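Fold and geometry: a report
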Amino acid sequence: MKRVFVSLTSILLIATAAIGIISCSDDDNNNMPEVKSEVYYGNLLFNASPIADDTKCSVDIVGEYASVTLHAVTFAPTMPAMDIVIPALDCRKNGDNYVITGKNVLPTVMGAPVDRYLMTRVEGYIVGDKFVLNTVTAMGTIGFSNAIINIKPVGGSAKN
């Protein structure tokens, strides 16, 4: 009888703990970082000159951080297409809009960091369904936009 009582007590303790965990899970969701993942198609620019007009760009936001991926990018006819991942960017939310920034960010290509594309400055903006990205690298400026607006390269003048 003592063994049955101990088992029944154990079952009651486990059930109480499970109910407590389930009832707290809604509170935990309020503390979870925001997760947002969007894909945009737009214009890719290099040194403010158009490179491609249907480039795929992914933006992944988790809390206060973002990463941007430019898919199948090529800067010259003989260059193979590659995905450029710009990781670990700072991200601030302002209402429904986002401001994405970074300094001295080392992008990756095929999973490996590429020193020659070190991005001394990265600025990105999400406003509604529009995304604009401007970067400065040792090789030149890289920009992306799916908005019909003037794109102002970081440190440069506005171009259409």
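Preceding this section is the structure that the text describes.
Okay, so let's go over this structure.

This part takes up unusual backbone geometry. For Asn47, which is not a glycine, the phi torsion comes out positive at approximately 50 degrees. Its location among the elements puts Asn47 in the loop between strand S1 (35–46) and strand S2 (49–62). Its identity as a non-glycine residue notwithstanding, Met110 has a phi of 55 degrees, on the positive side. Examined against the element boundaries, Met110 turns out to sit in the loop between strand S6 (108–109) and strand S7 (112–113). A relative accessible area of 80% means that Met110 is categorised as exposed.

Our focus in this paragraph is the pairing of strand S10 (residues 140–145). The side chains of a regular strand alternate between the sheet's two faces. Most of S10 is tucked away, with six of its six residues classed as buried. As judged from the four bridges shared by S1 and S10, these two strands associate in the antiparallel manner. Looking at S10, one finds that Phe46 is bridged to Ile142. Where strand S9 (residues 130–137) meets S10, six bridges bridge the pair, whose relative direction is antiparallel.

Here the structure, examined in full by the defined rule, presents three salt bridges. For Lys93, the salt bridge identified is with Glu34, shortest N-O distance 3.5 Å. Here the residue Lys93 occupies a position in strand S4 (residues 82–94), and Glu34 occupies one in the loop between helix H1 (2–30) and S1, the gap between them amounting to 59 residues. Among the residues examined, Lys93 registers a relative accessible area of 47% and is labelled partly exposed. The class for Glu34 is partly exposed, based on a relative accessible area of 31%. Two residues, Asp129 and Lys130, come together in a salt bridge whose shortest N-O distance is 3.9 Å.

The next thing to look at is the packing of aromatic side chains. Throughout the structure, instances matching the rule amount to four aromatic pairs. Measuring from centroid to centroid gives 5.0 Å for Phe46 and Phe75, while their planes differ by 50 degrees, and the two rings are tilted. Taken together, the residues Phe46 in strand S1 and Phe75 in the loop between strand S3 (65–73) and S4 connect sequence positions 29 residues apart. Given the relative accessible area of 18%, Phe75 is considered buried.

Looking at the element boundaries, Ser145 is found in strand S10. For Ser145, a relative accessible area of 0% translates into the label buried. Engagement of the side chain of Ser145 in a polar contact is seen with the backbone nitrogen of Ala147, the distance being 3.0 Å.

The next point concerns the pairing of S1. Here S1 runs beside S2; their pairing, made up of 11 bridges, is antiparallel. Pairing of Tyr41 across the sheet is with Lys56, part of S2. Connecting S1 to the next strand, S2, in antiparallel fashion are two residues, including Asn47 with a positive phi near 50 degrees.

Definitions and limits used
Residues numbered from 1 in each chain as written. Predicted model: local features only at pLDDT ≥ 70, side-chain atom pairs only at ≥ 80, totals over all residues. Heavy atoms only, no water. Helix = DSSP H or I, 4+ residues; strand = E, 2+ residues; numbered from the N terminus. Buried < 20%, exposed > 50% of the residue type's maximum accessible area, 1.4 Å probe, protein only. Pairing = 2+ DSSP bridges. Salt bridge = Lys/Arg side-chain N within 4 Å of Asp/Glu carboxyl O. Phe/Tyr/Trp six-rings, centres within 6.5 Å; stacked < 30°, edge-to-face > 60°. Polar contact = N/O pair within 3.5 Å; in protein donor to acceptor, adjacent residues only side chain to side chain.

Keep in mind these values describe shape, not function.
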